[in-house]
Amino acid sequence: MGNAIEIEGLAKSYGDKTALRDIGFAVREGSCFGLLGPNGAGKSTTMKILSGLLEPDSGRVRVLGLDLKREHARIREQIGYVPQGIALYEKLSAADNLTFFGEMSGVRGKELKSRIAEVLEQVGLADRAKDQVESFSGGMKRRINIAAALLHRPKLIILDEPTVGIDPQSRNHIFEMIRGMKRDGVTVLYSTHYMEEVEALCDDLAIIDSGRVIAHGGLNEILDRFGTSAVYLELAAGQQPPELPGLGEIRPKDRGWTVETAKPLEVLSAWAEACRRQQLTVKQLEIVRPSLETVFLSLTGTTLRDD
Amino acid sequence: MILSIAIKEWKLILKEKGAFFWLLLMPIGFIVLFGSVFGSIGKTTVTVPYIDLAGTAESQAFIKAVGERGGYKLEPKEAGALDEQITRIRDGKQSVLLVVREGFGRGLSGAPDGKSTVELYSDASSELTGPLNSVLENLANEYREAKIGSALQAAGVAETERSRLMESPLVIEEKPQNATNANAITQVVPGYTVMFVFFVIISMIRRFIGDKTAGITARLQTTRMTPVSYLLGIWLAYLGVAIVQCAALLSFGHFAYGLELGDAVATAVLVLMLAICGTGLGLAICMLVRSENQGMAFTQLLTMGGAVLGGLWFPIEFMPRALQTVARFVPQYWAQKGFQDIMIRGAHLSGIWPSLAALAAFAAAGILVALFRYKGFMKSALSG
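Residues numbered from 1 in each chain as written. Chains lettered and ligands numbered in written order. Predicted model: local features only at pLDDT ≥ 70, side-chain atom pairs only at ≥ 80, totals over all residues. Heavy atoms only, no water.

> Where do I start with the overall build of chain B in this structure?
Looking only at helices and strands, chain B features 15 helices and four strands. Each principal axis of the C-alpha atoms in chain B carries an extent, and together these give about 100 × 50 × 35 Å. For chain B, the share of sequence-separated contacts (at least 6 apart) that also reach a separation of at least 24 residues comes to 76%. Carbon and sulfur atoms make up 61% of the accessible area of chain B, which totals about 19,600 Å². Charge separation in chain B, taken as the distance between the mean sites of 33 positive and 29 negative side-chain charges, equals 18 Å. (Helix = DSSP H or I, 4+ residues; strand = E, 2+ residues; numbered from the N terminus. Contact = heavy atoms within 4.5 Å. Areas by Shrake-Rupley, 256 points an atom, 1.4 Å probe, with all protein chains shown as cover. Lys, Arg positive; Asp, Glu negative; His and termini not counted. Charge placed at Lys NZ, Arg CZ, Asp CG, Glu CD.)

Right under this line is the structure:
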């Protein structure tokens, strides 16, 4: 399989503010690619360029084998773009919104009707087709927002932070939809600042910060390359963790403590022995797999989210 | 695509009650209100209080004649109420008082020692004083003519000669040139129809700015829709709205007030051109403004300023000469003139071409500005 997206040396500025500098990555056909980064990192700008909404200052972009600059009209026919905000007519029903956006995407007549029924089923809102969008919850609106980009069966779907501020039920629906798209061979470009979403959905990812890609590749590859294993210990209330001289720094985490280390087995053994000697009550002691959170921390020195 | 955008827009308008208020209910309310106020002035009976101090048959005949000539309802007051009535006029509580003095009747038939006096007490600010005074002067002239006729008869002048002598050397012949009489309805119905057509711009601004801020304009740019389809689709939608609005308001005037619409083809073409003009200027405003509030300010200026200058609220002849010249630079003037040419002067299509040409010129200017600014509008929508 080839690449659905190829980006090289992409740069974009707004006046004297640089949004993207020398961005480059590739997205495999049929994969789900995560674009991970904090707010203002350049994710939306990248997605708007790929959707043809913004023109880059420089760089080469190929989407579905077509040159973005020269063959934009043909690209538009094959992509579905889901903006970060709810871009729907609140006064119209879900079905009327989908009819309108479907027609704008070139789907008409019986095919459009059947596609509307299909995508409403897909987003779990078939029974609310005739209701005005303004009567929907935030999560339901987000689902219709996505559905409006699927009607013309795009080969590439670009989702710009589609789960911001929604309920768990809607989030699960969206996750299932994305997994369904992947099963159907659709390439998904997914931007988010939620690391757990990338871990749950994406095959590959690029970590973007201050307009630069600071790491990209397969999820496991990035975790192996940049992530550090850790050992987590949780004791009974009021007990303190034994010191581990020369094995690493102990940091509080959740209801226990953690030690980031390249030798997790050694730390685990030392901590287990110390707890046994001091007769401490161990509630949890385990090796923790490297996470994107630790990757991001190690690469940028900051956490991804403030919350 | 253009039709799909227009259909979506019509669905949205049908869901928005505010649009019905602005575009239909409010103008109908204005037509009813001002049509009733100005249309019933000639039909209203004005009451004139009087005190008959003479109490003679002649004084009663005189009072009856005042009522009949002026269409007034005469209301008798007691002789003792004279001071109180005058105080009421001074306090602004009453407009006029007619007092027929003692001895009225003497001398009316030509007696040399007789003099009949009628006093008209009035509030200087009252609109009633002038017409009532004219009625009284006309009656005084008739008494004078009767007195001269009696004197001529007494001098032995024959009846035919008396008639010839009493004839006025000035002959006034009324020759109306209009198909229909101009009245309050021929002013108010087309006036408010023209005025409120321009209110469609408010809905257009809400759509363009609303779509832009909601990210819909940007989203649509990722579909197969071409930018010009978006502009034309929304324009087509509101063009239809303006035509339906005009048809509804003119029909209301016709069925509720008996307004003569004149040549149907000329009226239809004028309505179409007015709708193109109003929505064309609307497109220009939508592309020029950066926010809904700014758009509202522009629209108020165009609708209200144009309504006053264009003679939509009152006949243009009431305005100073300089403003009548300025009025030619607002589209409302030409639309109102076109409607009144058709309705009052019985004009056909060939007779309203100046109005059609002027409206087409305003429309073309608006559309050109919109097209010139459209790229900037789209750019701002995409960068948001």
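> Can you walk me through the side chain of Asp209(A) in this structure?
Here Asp209(A) is to be found in strand S9 (residues 204-209). In this view, Asp209(A) contacts Pro38(A), Ala41(A), Ile214(A), Phe296(A) and Thr300(A); residues no more than four positions away in its chain are not counted.

> Looking at this structure, I do not really get the sheet that holds strand S5 (residues 66-67) of chain A. What am I missing?
Backbone hydrogen bonds hold the strands of a sheet together, and the pairing may be parallel or antiparallel. Residues and elements named next belong to chain A. Overall, antiparallel pairing links the four strands, which are arranged S2-S1-S4-S5 in an open sheet. In this open sheet, the two edge strands, each paired with only one partner strand, are strand S2 (17-28) and S5. As defined by bridge partners, strand S4 (residues 58-63) adjoins S5 across two bridges and the pair is classed as antiparallel. Residue Arg62 lies in a different strand from S5, and its bridge partner there is Asp67. Of the strands in this sheet, strand S1 (3-14), S2 and S4 touch helix H1 (residues 43-50), which is tilted by about 120 degrees from S1. (Pairing = 2+ DSSP bridges. Axes fitted to C-alpha atoms, helices over the stretch in contact; angles between N-to-C directions.)

> I tried to follow the packing of aromatic side chains on my own but got confused; where do I start?
How two aromatic rings sit relative to each other is given by the distance of their centres and the angle of their planes. Tallying each qualifying case throughout the model produces 14 aromatic pairs over all chains. Centre to centre, the rings of Tyr89(A) and Phe101(A) are 6.5 Å apart; their planes meet at 20 degrees, and the pair counts as stacked. Residue Tyr89(A) is located in the loop between strand S6 (79-82) and helix H3 (94-104), and its partner Phe101(A) is located in helix H3; the two are separated by 12 residues in the primary sequence. Like Tyr89(A), the residue Phe101(A) is buried in the burial classification. Here Tyr333(B) and Trp334(B) contribute two aromatic rings whose centre-to-centre distance is 5.0 Å and whose plane-to-plane angle is 85 degrees, an arrangement assigned as edge-to-face. There is no split in this pair, since Tyr333(B) and Trp334(B) are both buried. (Phe/Tyr/Trp six-rings, centres within 6.5 Å; stacked < 30°, edge-to-face > 60°. Buried < 20%, exposed > 50% of the residue type's maximum accessible area, 1.4 Å probe, protein only.)

> Just to check I follow, could you spell out the sheet that holds strand S11 (residues 230-235) of chain A for this structure?
Residues and elements named next belong to chain A. Spatial ordering of the open sheet is given by S12-S13-S11-S14, a layout of four strands whose pairing is antiparallel. In the strand order of this sheet, the two ends are held by strand S12 (250-253) and strand S14 (282-288), each with one partner. Across the sheet, the mean angle separating the axes of adjacent strands is 25 degrees when strand polarity is ignored. Bridging between S11 and S14 involves six bridges; their strand directions are antiparallel. Looking across to S14, one finds that Val231 is bridged to Ile287. Relative to the sheet, helix H9 (residues 264-277) contacts S11, S12, strand S13 (256-260) and S14, its axis offset from that of S14 by approximately 170 degrees.

> Explanation requested: the interface of chain A and chain B in the structure shown.
Listed as interface residues are 27 residues of chain A and, on the opposing side, 24 residues of chain B. When the area that chain A buries against chain B is broken down by residue, the three leading residues are Arg76(A), Tyr89(A) and Met104(A), summing to 28%. Linking chain A with chain B are one salt bridge. A salt bridge links Asp96(A) to Lys11(B); its shortest N-O distance comes to 3.2 Å. Inspection of the region where chain A meets chain B yields 11 residue pairs in polar contact (both at pLDDT 80 or more). Every element with two or more residues in the side of chain A that touches chain B is listed here: helix H2 (72-78), S6 and H3 of chain A. (Buried area = accessible area lost by both parts, 1.4 Å probe. Salt bridge = Lys/Arg side-chain N within 4 Å of Asp/Glu carboxyl O. Polar contact = N/O pair within 3.5 Å; in protein donor to acceptor, adjacent residues only side chain to side chain.)

> Would you take a moment to explain the pattern of salt bridges for this structure?
Oppositely charged side chains can pair when the atoms bearing their charge come close. Taken as a whole and assessed by the stated rule, the structure comprises 30 salt bridges over all chains. Note that Glu118(A) is salt-bridged to Arg153(A), the shortest N-O span being 3.7 Å. Remark: Arg153(A) occurs in the loop between helix H5 (138-147) and strand S7 (156-160) and Glu118(A) occurs in helix H4 (residues 109-122); sequence separation between them is 35 residues. By relative accessible area, which is 35% here, Glu118(A) ends up partly exposed. The shortest N-O distance in the salt bridge between Asp341(B) and Arg345(B) comes to 2.6 Å. Here the salt bridges do not stand alone but share partners, grouping Lys8(B), Glu9(B), Glu16(B) and Arg207(B) into one network.

> Would you mind going over a nonpolar patch on the surface with me for this structure?
Residue and element names in this part refer to chain B. Residues Ile2, Leu3, Ile7, Trp10, Val228, Leu232 and Leu236 make up a contiguous nonpolar surface patch of roughly 520 Å² in combined accessible area. Breaking the nonpolar patch down by element, the ones donating at least two residues are helix H1 (2-15) and helix H10 (227-257). With four residues, the single largest contributor to the nonpolar patch is H1. Looking at the element boundaries, Val228 is found in helix H10. (Patch = residues over 30% accessible without salt bridge, like charges linked within 9 Å, V, L, I, M, F, W, Y side chains within 5 Å.)

> In this structure, what is going on with the confidence of the model for chain A? I would like to understand it.
As a general rule, the predicted coordinates of low-pLDDT regions are not to be interpreted in detail. Taken as a whole, chain A shows an average pLDDT of 88; of its residues, 97% reach a score of 70 or greater. In the model of chain A, helix H10 (residues 292-300) of chain A stands out as the element of lowest mean pLDDT, 75, in contrast to H3(A), which has the highest, 95. (pLDDT = per-residue confidence, 0-100.)

> Any chance you could explain the domain arrangement of chain B here in plain terms?
By a widely used convention, the size of an interface equals the accessible area lost when the partners come together. Taken domain by domain, chain B comprises domain 1 (2-39 + 184-383) and domain 2 (47-166). Just the C-alpha atoms count here: the centres of domain 1 of chain B and domain 2 of chain B sit 54 Å apart. (Domains from an automatic or database assignment.)

> For this particular structure, what's the right way to read the state of the cysteines?
Every disulfide links exactly two cysteines, by a covalent bond between their sulfur atoms. Residue and element names in this part refer to chain A. What the rule picks out here adds up to zero disulfides over all chains. We note that Cys32 lacks a disulfide partner, and the nearest cysteine sulfur, in Cys202, lies 3.7 Å from it. Residue Cys32 is classed as buried on the basis of its relative accessible area of 0%. (Disulfide = S-S within 2.5 Å.)

> In this structure, what is going on with the pairing of S12(A)? I would like to understand it.
Put simply, side chains in a regular strand alternate between the two faces of the sheet. Residue and element names in this part refer to chain A. Across four bridges, S12 lies against S13 in antiparallel orientation. Residue pairing in the sheet places Pro252 in a bridge with Trp257 of S13. Linking S12 back to S13 in an antiparallel pair, the connection comprises two residues, with Asp254 at a positive phi of about 50 degrees.

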